Amino acid sequence: MRGFLRAATAAALLTLAACQTQPPPVPRAIAGSPLCVPLPAGWQATPGIGADLYLRPTEHGRPVRGAFLLVAHDEPRHADPSLASYVDFKLEREARASPEQTLLRRERLRMSGHEAVRVLRRMRGVQSTRMVWTQYVIADGRGWTLVASCEARDYPRLKGAFRRWLDGATVAGDVRS
């Protein structure tokens, strides 16, 4: 019993020490948008093609191979600018681009008072299978997409960080008139 208590105490102290060494994420405003996302210490913000913000999560100071997070927007191109029609439009378009995918979860939530939808998909590709969290919100008259993606084998390690990133995203007052 003493051995168990010592091991449990040591594990708790190591966990506490690990938690204390990680500074809290820094809020990162996305230029020209009402969105702000948390930027965890060590994550790399890099230019992304077609993205308003592109992040690479890191472990032990190195980028996780094939993992990324991004924020992008588009102008609603259909008559109904509602969140439901935007999500349906995006999911249909993504299904055509990647037909080997399975929708695992779809949930409604709030981002700073704005309705949002979050989906989790498994996407099978030629070289790998990916897990992809996508969160959709309409803000500032535009549709915003937040994506957190990694290879399926890395998902058990990264899912907590991905959920914290998506949960920490906020929408401020609209910036376009």
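Everything numeric here is computed off the predicted structure, so don't read it as measured data.

Caption draft 1: A look at the packing of aromatic side chains. For the coordinates displayed, the defined rule picks out 2 aromatic pairs. Seen from their ring centres, Tyr54 and Phe68 are 5.7 Å apart, and the 15° between their planes marks the pair as stacked. Of the two residues, Tyr54 is situated in strand E4 (residues 53-56) and Phe68 in strand E7 (residues 68-74); the sequence distance between them amounts to 14 residues.

Caption draft 2: Representation of helix H2 (residues 83-97). For H2, spanning 15 residues, the distance from its first C-alpha to its last is 21 Å, which sits close to the expected 21 Å at 1.5 Å a residue. Within the span of H2, buried status applies to Leu83, Ser85, Tyr86, Val87, Lys90, Leu91 and Glu94.

Caption draft 3: Just unusual backbone geometry, in detail. The residue Ser112 is not glycine, and still its phi comes out positive at about 50°. By the secondary structure assignment, Ser112 is in the loop between strand E8 (101-111) and strand E9 (114-124). By relative accessible area, which is 43% here, Ser112 ends up partly exposed. Phi at Asp140 is positive, roughly 65°, even though this residue is not glycine.

Caption draft 4: Just the sheet that holds E7, in detail. Reading across the sheet, the 7 strands line up as E3-E4-E7-E11-E10-E9-E8 and stay open at both edges, with antiparallel pairing between neighbours. Two strands close off the open sheet at either side, each with one partner strand: strand E3 (44-46) and E8. Averaged over all pairs of adjacent strands, the angle between strand axes in this sheet comes to 20°, irrespective of strand direction. Relative to the sheet, H2 contacts E7, E8, E9, strand E10 (129-139) and strand E11 (142-151), its axis offset from that of E10 by approximately 150°. Packing of helix H3 (residues 155-168) onto the sheet brings it into contact with E4, E7, E8, E9, E10 and E11, and relative to E11 it is tilted by some 160°.

Caption draft 5: Geometry of the environment of Arg118. Among the structural elements, Arg118 can be located in strand E9. Judged by its relative accessible area of 2%, Arg118 is buried. Residues Arg118 and Trp133 lie 15 residues apart in sequence; the distance between their C-alpha atoms is 7.0 Å. Apart from the residues within four sequence positions on either side, Arg118 is in contact with Arg105, Arg106, Glu107, Leu109, Trp133, Thr134, Gln135, Arg163, Leu166 and Asp167. Side-chain polar atoms of Arg118 contact the side chain of Asp167, separated by 2.8 Å.

Parameters at a glance
- Residues numbered from 1 in each chain as written.
- Predicted model: local features only at pLDDT ≥ 70, side-chain atom pairs only at ≥ 80, totals over all residues.
- Heavy atoms only, no water.
- Phe/Tyr/Trp six-rings, centres within 6.5 Å; stacked < 30°, edge-to-face > 60°.
- Helix = DSSP H or I, 4+ residues; strand = E, 2+ residues; numbered from the N terminus.
- Expected span 1.5 Å × (residues − 1).
- Buried < 20%, exposed > 50% of the residue type's maximum accessible area, 1.4 Å probe, protein only.
- Pairing = 2+ DSSP bridges.
- Axes fitted to C-alpha atoms, helices over the stretch in contact; angles between N-to-C directions.
- Contact = heavy atoms within 4.5 Å.
- Polar contact = N/O pair within 3.5 Å; in protein donor to acceptor, adjacent residues only side chain to side chain.

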